[in-house]
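# Residue-level structure breakdown
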Amino acid sequence: IRFICSRNVKKGKAIAGATGAAWHSTVPDTSAKHAVLFICTSDDAIQRIMKKNCTSGYVLVDCSGSIALIDGAAYANGTGVFYPVQSFSSELKVDWSTVPICLEGSHPKVLSLLKHIAKLLSKKVTSINSRQRLMVHLAAVFANNFSNAQYAIAEMILKENNLSFDLLRPLIAATAEKVQPSSPVAVQTGPAQREDFKSIKAHLSILKETPEVRNIYNSLTKFIIKNKKRIGK
């Protein structure tokens, strides 16, 4: 890692120090062969940053799950996508060897370069097109973001009744562990899976005071019952 370029000086310098890299306020030009500029920003900023650095000498690579590959025709060294299927936070250390990395390149040479870099980090490297990557990103939103939102709902229900979220932590861990070797369909449990309508009715009655949460409960219950019958057929 040659340098970190960040609009936040404090964070940028901290990351640069941790990686033994320099910190710059703007991207310096390069004449180095196979130099890659990783654009790790919000999706809205990717194209603007690429255009600003189109003559800088880098292969320009973004890390987005949802933005289609930027056409490399206007960029001398090409463009690519380096998308790790993982949610990152500064509090949690990630084992990169287990992180799937999805790649795309505007040219075979770009893809080959990105594969070389990815394989230094991960054992799970795959080349996919922009449409497939968008589907992975969509699936990840359901698996990660939406499931966490439901943890937040669960915590809210418990807190309102003077109960701790710690009561659910072993259950959450066990469910995540169960799905590793199996299809989620095969390990589905709960009142909807059993068609225990007495319990479902009791839950819906409790949730009358929170219609938004009640709608989520109702939609997921209907989905589980419907898909159970569909799979049975």
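As the structure is a prediction and not an experimental result, all values here were calculated from the model. (Residues numbered from 1 in each chain as written. Predicted model: local features only at pLDDT ≥ 70, side-chain atom pairs only at ≥ 80, totals over all residues. Heavy atoms only, no water.)

## Some points on the nonpolar core
Judged by nonpolar contacts, the single largest core of 13 residues is most densely connected at L37, I39, M50, Y58 and L60. Put simply, the parts of the chain that give this core at least two residues each are strand 3 (36–39) and helix 2 (43–52). Not counting chain neighbours up to four residues away, the residues in contact with Y58 comprise F3, V27, P28, D29, T30, A35, V36, L37, N77 and G78. (Core = buried A, V, L, I, M, F, W, Y, C linked by side-chain atoms within 4.5 Å. Buried < 20%, exposed > 50% of the residue type's maximum accessible area, 1.4 Å probe, protein only. Helix = DSSP H or I, 4+ residues; strand = E, 2+ residues; numbered from the N terminus. Contact = heavy atoms within 4.5 Å.)

## As for the sheet that holds strand 6 (residues 101–105)
As summarised here, the arrangement of the 5 strands in space is 3-4-5-6-7, forming an open sheet in which the pairing is mixed. The open sheet terminates on both sides in strands that have one partner only, identified here as strand 3 and strand 7 (125–127). Along the sheet, successive strands turn relative to each other by an average axial angle of 25 degrees, direction set aside. The pairing of strand 5 (residues 79–84) with strand 6 spans 5 bridges and is antiparallel. Across the sheet, residue V81 finds its bridge partner in strand 6, namely E104. Strand contacts of helix 2: strand 3, strand 4 (59–62) and strand 5, with the helix running at about 175 degrees to strand 4, the strand carrying the most contacts. Against the sheet, helix 4 (residues 130–159) makes contact with strand 5 and strand 6, and its axis sits at roughly 25 degrees relative to strand 5, the strand it touches most. (Pairing = 2+ DSSP bridges. Axes fitted to C-alpha atoms, helices over the stretch in contact; angles between N-to-C directions.)

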